[in-house]
Amino acid sequence: MSQAVPQPGAAALATPGAVPRILVVDDEQHMCDVCSRTLRRGGYEVVATSEPTEAIRLLRTDQPFDLLLTDIKMPTMSGLELAHLARERDPAIAIIIMTGYASMENLYQSVQRGVADFIFKPFELDQLRLAVDQALQKRALLQDNLRLRTLERLLESSKALSTTLDLSELAGIVLRVTLQQSRCRAGFLLLAENQAALTATVPSAPGGQLLDAGRKLAQRAFEEQQPVAGSKAPFCELEGAALHQALAVPLSAQGYVTGVLVLCDDSPNALRPGVQEEILLLAHHAGAALRNASLYGQLGDAYQRLQELDRLKSEFISIASHELRTPLAIVLGYTMMVRDQSEGERREYLQRVMDNAQRIKDIVDDMVSLRHLETGEAQLALEPLVIQELVSQAIERMRPVIANRLHQLQVDLPPQPLRFLCDREKVLLILGHLLSNAIKFTPDGGRIAIRAALQPNGVLNGAGSCIVQPARAAGDGMPWVVIAIEDSGIGIPEREQPRIFDRFYQVADSLTRDHGGTGLGLALVRELVGALGGALWLRSREGEGSTFTVALPFRQEQATSNSGHEL
Ligand code: ADP
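Per chain, residues are indexed from 1 in the order of the written sequence. Note on the predicted model: pLDDT of at least 70 is required for a residue's local features to be given, and 80 or more for side-chain atom pairs to be given and counted; whole-chain, interface and lining totals, by contrast, use all residues. Note: side-chain values were computed over all heavy atoms of the structure, leaving out hydrogens and water.

Colleague: So, the sheet that holds strand β2 (residues 21–25): which residues are in play, and what are the values?
Modeller: A pair of strands is labelled paired if DSSP reports no fewer than 2 bridges between them. Strands are runs of DSSP state E lasting at least two residues, helices are runs of H or I lasting at least four, and both sets are numbered from the N terminus onward. In space, the five strands of this open sheet follow the order β3-β2-β4-β5-β6, with parallel pairing throughout. The open sheet has two free edges, formed respectively by β3 (45–49) and β6 (117–120), since each of these has just one partner strand. Here the average twist between neighbouring strands, direction ignored, is 20°. Whenever a helix is involved, its axis is fitted only over the stretch in contact; in every case the axis is a line through C-alpha atoms, and angles between N-to-C directions fall within 0 to 180 degrees.

Spelled out as structure tokens, the structure:
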């Protein structure tokens, strides 16, 4: 037999503010009638019966009573026994015993059973009203107390649930805390993979086995997405004995059912409504914790797949660059030879072949440089440089494109030659990529500015967000050579800014505009700046333009020779 369980707050702990419900039990029908009339007039909802067995049935329904008013001595059952049953079902229920035999023995037994209120027959109706009012006030206090204790326990359990993101460890914790809370003998957690079906079953104890009836109950809770209670069927087996009471609760969060918890016992009291409510609240926390754990697991898997992809990318770069280099060198070499021996149109065509082969070579060279920088194989070749010459060289390489695009170029360099030791090829690669991007991503007729200056006191105020942190402590008094390349181009959306330095990453819009490129340039710039011990900043606003600022350490000429240096 199984039935849906009301959701938390609907019934289990009597609802504050609702009309109190009173159960009157007396084998004398006349007493039942008098008490019922009086209490109904007092505004209470009253159910009366002269049959203790009917009273037991009423106490077991889903509609809880706030107060039991019972005669002590009835032919088929003592009022104290009834009180005991009622208290087992609801520890906070108010109980008033009506007695004409106020013997010490009865009083002692009643105190033992936690029955605090008596009313001695015969009594005035006002006395009855007063006793009921007082008992209900006590019940309200007791309920508050119980709620607080429940909250305390729930808080403890929730804390336990947030201690791990490991799915199997969490399943163990969910079972442990729900069993503690419900005092049930056995529990099972059925996990739902991809929401589609209940798959793995985790038992609370190694020997525990969920039987057919238990699985059906779980399946029903899973399909209907609501708790289902069951009784009078063998739901599970524990230490050779079957347990015949069960509660199946779906564990869900954000609309995802992550599993179903099945609690089993052989006493109906273990799963009485008050306990059910606590379990349902706990199930909400458990559902969220399980969902987080499963998301965390998925994230871990996705991360591993990404790492594998990244490894494959690196491998691809390595293989492609290695395999392309030699044939490219041969193509370029022979083409150059035949071009030099040719005239007119033929020579022009061969020049075009060469230009395009050179473009492929540049890409392959970028791949090789990036690979070397990432694996730490790259070497620093320091030599005396003059920043003005380097900037001019980079501009010269781009001059035809700048003219073609009608860009206006501003160059702002120190009047005196600014000499320092650095790696020529690396600095040229940095300037080349930044300048090429500025030209590419600025609409025709835009403005491009290149500034270079010595920052003598070591204080770096890079504009925008820092992409590469300076290797040296900021403000250590050592000078820097600072170069900024600014454009009035399309700019980079803020959310894309950290990503454009990843290998192969291109902002979607720039792809559709057919700017070409491989998405390797900025990844290379970032690695190169880092290898030179420099720093890099980016300031950009969509639709307004971008500024990339590079700071290179100002090394004195006499301090180092120009031989190769390990990075
Ligand atoms: P590529 O230029 O080959 O596409 P990069 O790594 O140099 O690759 O640049 C990555 C992406 O960053 C570009 O595709 C573009 O979307 C964006 N980007 C780089 N520089 C600029 C710039 N100056 N202005 C606007 N967008 C830029």
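Colleague: How would you explain helix α11 (residues 424–440) if you had to name every residue and give the values?
Modeller: In this model, α11 (17 residues) spans 24 Å end to end at C-alpha, consistent with the 24 Å of a helix rising 1.5 Å per residue. Exposed residues in this analysis have more than 50% of their type's maximum accessible area, buried residues have under 20%, and partly exposed residues fall in between, with area computed by a 1.4 Å probe over protein chains only. The buried fraction of α11 is high, at 12 of 17 residues. For α11, the set of buried residues is K426, V427, L428, I430, L431, G432, H433, L434, L435, N437, A438 and I439. For the purposes of these results, a polar contact is taken to be a pair of N or O atoms within 3.5 Å, where, inside protein, one atom must be able to donate a hydrogen and its partner to accept one; residues adjacent in sequence count only when each atom of the pair is a side-chain atom. Among the residues of α11, the N-terminal cap falls to D423, whose side-chain oxygen and the backbone nitrogen of E425 are separated by 3.3 Å. The length a helix should cover is 1.5 Å for every residue beyond the first.

Colleague: Before we move on, can you summarise the packing of helix α8 (residues 273–340) against helix α9 (residues 344–375) with the specific residues and values?
Modeller: With their axes 8 Å apart at the nearest point, α8 and α9 run at an angle of 155° to one another. Between α8 and α9, the crossing angle belongs to the class labelled roughly antiparallel. In this structure, α8 crosses over α9, and the sense of that crossing is left-handed. Amino acids are sorted into nonpolar (Ala, Val, Leu, Ile, Met, Phe, Trp, Tyr, Cys and Pro), charged (Asp, Glu, Lys and Arg) and polar (every other residue, Gly among them). When grouped by side-chain class, the residues that make up the contact of α8 with α9 number 16 nonpolar, six polar and eight charged. Convention used here: angles under 35 degrees read as roughly parallel, angles over 145 as roughly antiparallel, angles from 65 to 115 as roughly perpendicular, and any remaining angle as oblique. The sense of a crossing depends on the near helix, which, turned anticlockwise from the far helix by less than a right angle, makes the crossing left-handed and, turned clockwise, makes it right-handed.

Colleague: Residues and numbers for unusual backbone geometry, please.
Modeller: A cis geometry characterises the amide bond from K121 onward to P122, with omega recorded as -10°. Its place among the elements puts P122 in the loop between β6 and α5 (125–161). Phi at K232 is positive, roughly 60°, even though this residue is not glycine. Tracing the backbone through its elements, the reader meets K232 in strand β10 (residues 228–238). Not every positive phi belongs to a glycine, and L406 is a case in point at roughly 60°. Within the fold, L406 resides in the loop between α10 (387–404) and β14 (408–412). Exposure remark for L406: the relative accessible area of 62% places this residue in the exposed category.

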